[in-house]
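Understanding the architecture of this molecule
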Amino acid sequence: MNKTTSFTSLNQSSEIGEEEDKDRNRCTETKKTTTTKSMADSRIKPLVDAIHATPTKCVLYLAGGASQAIGYLLSVPGASNTVLETVVPYSRMSLIQLLGKIPTQFCSQNTAEEMALIAYNRALKLSPPGSPVLGVGFTGALASMPPKRGDHRFYLSTRTSDRLCISTVTFTKGLRTREQEDHLSSQIFLKAIANACKVPGTFVPDLIESDVSDEQEREFSEDQELEQLINGEISFKVYPFSKDNSNGERRIILPGSFNPLHEGHLKLLEVATSICGGGYPCFEISAINADKPPLSISQIKDRVKQFEKAGKTIILSNQPYFYKKAEIFPGSAFVIGADTAARLINPKYYDGDYNKMLMILNGCKATGCTFLVGGRNVDGVFKVLDDLDIPEELKDMFITIPEEKFRIDISSTELRKKLGKQ
């Protein structure tokens, strides 16, 4: 009896000792984690400062992790220099709506790439003209309750005009809490942004040997970028040849084929910009034509060279219709001739439906876009805005360019004939 009692007491004492050892180990691990997190935080702030010092503008889409990265980016002064928009499509339905489809896998490399591409196109739309832009997509399956059966992993993609980068990380399962995995994925998220912004440095996230990490990179040539434009993968491409980018965020856009670019185009955009009281003047060519085959890559590059020589910014888009241009260039002022304005308000080009015309043009108006209208020869008669019957509810969207400020009767077609070109 005494022996049994002694054995039981000894066994209980041993269990208590084991629990105390576990408590001490947990305490030690907590201290290590706290110290590591503190050290990481001290390295992250300078990294975020450096990101904010670059001209790159970002749109960030995150699902399933890296949430602390948003806090780091927004809590350091200068965030408005970098972050255009952050969206967390956390629910399945939210991510489906962002992608416009049900993905084969929600947490996958393909989904991260698609999120980054959508973010890139969104950044193009929101950024000041000529700014370098970045789209970031993150989708993760980190530690959760109840515990996940599969790996704890994430996929991260960054997209710029000429580069696509992919990071894939699988954490050692059971080693870290959800907060710790989120913190580490946030580190890697910020490092990826820094790399895309070309921030120099040697920031190394706190991965360990048993974690599995892979990085891939794909560069795009100019021809590949233009092919992506023609195919509709990217909404537009900017060649910021203008040396003066300090004229504000509003785009003053003169669309056309510019075959060739001539002095009349340059003067018209100059006058239109002065009427607007300033803005960022740029020309725009659509690679897609409503009535003709798309421009070839060689044709596009030949026309771009004209603007490089003139030192003027040119935007290449894939939208031939103004209501689509208004969607990708919200808040812009489009510079057009009276002949184009006449077509804009002609129900003939809206399946003969006057109400459809009003609906589409009111949609353009809702984006904040306006039209500056210069005089043009229409069927041999010089016409100005006042000669057109603009619907009452649309009149404030059209602004006249006075004839005394600008008038030129020659067109690119006539100039090509004079030069002996087709």
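Residues numbered from 1 in each chain as written. Predicted model: local features only at pLDDT ≥ 70, side-chain atom pairs only at ≥ 80, totals over all residues. Heavy atoms only, no water.

**Digging into the overall build of the protein chain**
A count of helical and extended segments in the protein chain gives 12 helices and 15 strands. When each of the 422 residues of the protein chain is scored for burial, the buried share is 45%. In the protein chain, 75% of the contacts between residues at least 6 apart in sequence involve partners at least 24 apart. Put simply, the protein chain shows about 22,000 Å² of open surface, and 51% of that area lies on carbon and sulfur atoms. (Helix = DSSP H or I, 4+ residues; strand = E, 2+ residues; numbered from the N terminus. Buried < 20%, exposed > 50% of the residue type's maximum accessible area, 1.4 Å probe, protein only. Contact = heavy atoms within 4.5 Å. Areas by Shrake-Rupley, 256 points an atom, 1.4 Å probe, with all protein chains shown as cover.)

**Re the sheet that holds strand 9 (residues 280-286)**
As a general point, the strands of a sheet are linked pairwise by backbone hydrogen bonds and lie either parallel or antiparallel. Spatial ordering of the open sheet is given by 7-10-9-8-11-12-15, a layout of seven strands whose pairing is mixed. Whereas interior strands pair on both sides, the edge strands pair on one side only; in this sheet they are strand 7 (236-239) and strand 15 (398-400). Sheet twist, expressed as the average angle between the axes of neighbouring strands with direction ignored, equals 30°. This element, helix 8 (residues 297-310), spans strand 7, strand 9 and strand 10 (314-317) of the sheet and lies at about 160° to strand 10. (Pairing = 2+ DSSP bridges. Axes fitted to C-alpha atoms, helices over the stretch in contact; angles between N-to-C directions.)

**Thoughts on the state of the cysteines**
For the structure shown, the criterion picks out zero disulfides. No disulfide involves C369; its sulfur sits 6.7 Å from the nearest other cysteine sulfur, which is in C364. By relative accessible area, which is 2% here, C369 ends up buried. (Disulfide = S-S within 2.5 Å.)

**Comments concerning the confidence of the model for the protein chain**
Summing up the model confidence of the protein chain, the mean pLDDT is 88 and the portion of residues at 70 or higher is 86%. Across residues 1-10, where pLDDT falls below 50, the model places zero contacts with residues more than four positions away in sequence or in other chains. Note that residues 25-36 has pLDDT below 50 and, in this model, two contacts with residues that lie over four places away or in other chains. (pLDDT = per-residue confidence, 0-100.)

**Remarks on helix 7 (residues 263-275)**
Over its 13 residues, helix 7 extends 19 Å from the first C-alpha to the last, a length consistent with the 18 Å expected when each residue adds 1.5 Å. For helix 7, the complete set of buried residues consists of G264, H265, L268, L269, V271, A272 and T273. Looking at the residues trailing helix 7, positive phi occurs at G277, about 75°. (Expected span 1.5 Å × (residues − 1).)

**Describing the packing of aromatic side chains**
Overall, the coordinates contain 13 aromatic pairs when judged by the stated rule. Where F283 meets F307, the ring centres are 5.2 Å apart and the plane angle is 45°; that geometry is what we call tilted. Of this pair, F283 sits in strand 9 while F307 sits in helix 8, and the two are 24 residues apart along the sequence. By the burial criterion, F283 is buried, and F307 matches it. Aromatic ring contacts, followed pair by pair, group F138, F154, F171 and F189 into a single cluster. K237 extends its terminal NZ or CZ atom over the ring of Y239, reaching a point 4.9 Å from the ring centre. Over the face of the ring belonging to F382 we find R407, whose NZ or CZ atom lies 3.6 Å from the ring centre. (Phe/Tyr/Trp six-rings, centres within 6.5 Å; stacked < 30°, edge-to-face > 60°. Lys NZ or Arg CZ within 6 Å of the ring centre and 35° of its normal.)

**A few points about the pattern of salt bridges**
Throughout the structure, instances matching the rule amount to 18 salt bridges. Between R122 and E85 there is a salt bridge; the shortest N-O distance is 2.9 Å. With R122 in helix 4 (residues 109-126) and E85 in strand 2 (residues 83-87), this residue pair connects regions lying 37 residues apart in the sequence. In this structure R122 comes out as partly exposed when scored by relative accessible area, which is 27%. (Salt bridge = Lys/Arg side-chain N within 4 Å of Asp/Glu carboxyl O.)

**Topic: the layout of surface pockets**
For the second largest pocket, the calculated volume is near 720 Å³. Lining the second largest pocket we find 40 residues, and of these V133, T160, S161, D162 and A196 sit closest to its centre. Where the lining of the second largest pocket is concerned, the elements lending two or more residues are helix 4, strand 4 (152-159), strand 5 (163-171), helix 5 (178-196), strand 6 (212-219) and strand 7. Summarising the domain contributions, the lining of the second largest pocket has at least three residues from each of domain 1 (37-219) and domain 2 (226-419). (1 Å grid on protein atoms, 1.4 Å probe; cavity = no way out; pocket = protein on both sides within 12 Å on 5 of 7 lines; lining within 4 Å. Points joined across faces, edges and corners; volume = space filled by probe spheres on them. Domains from an automatic or database assignment.)

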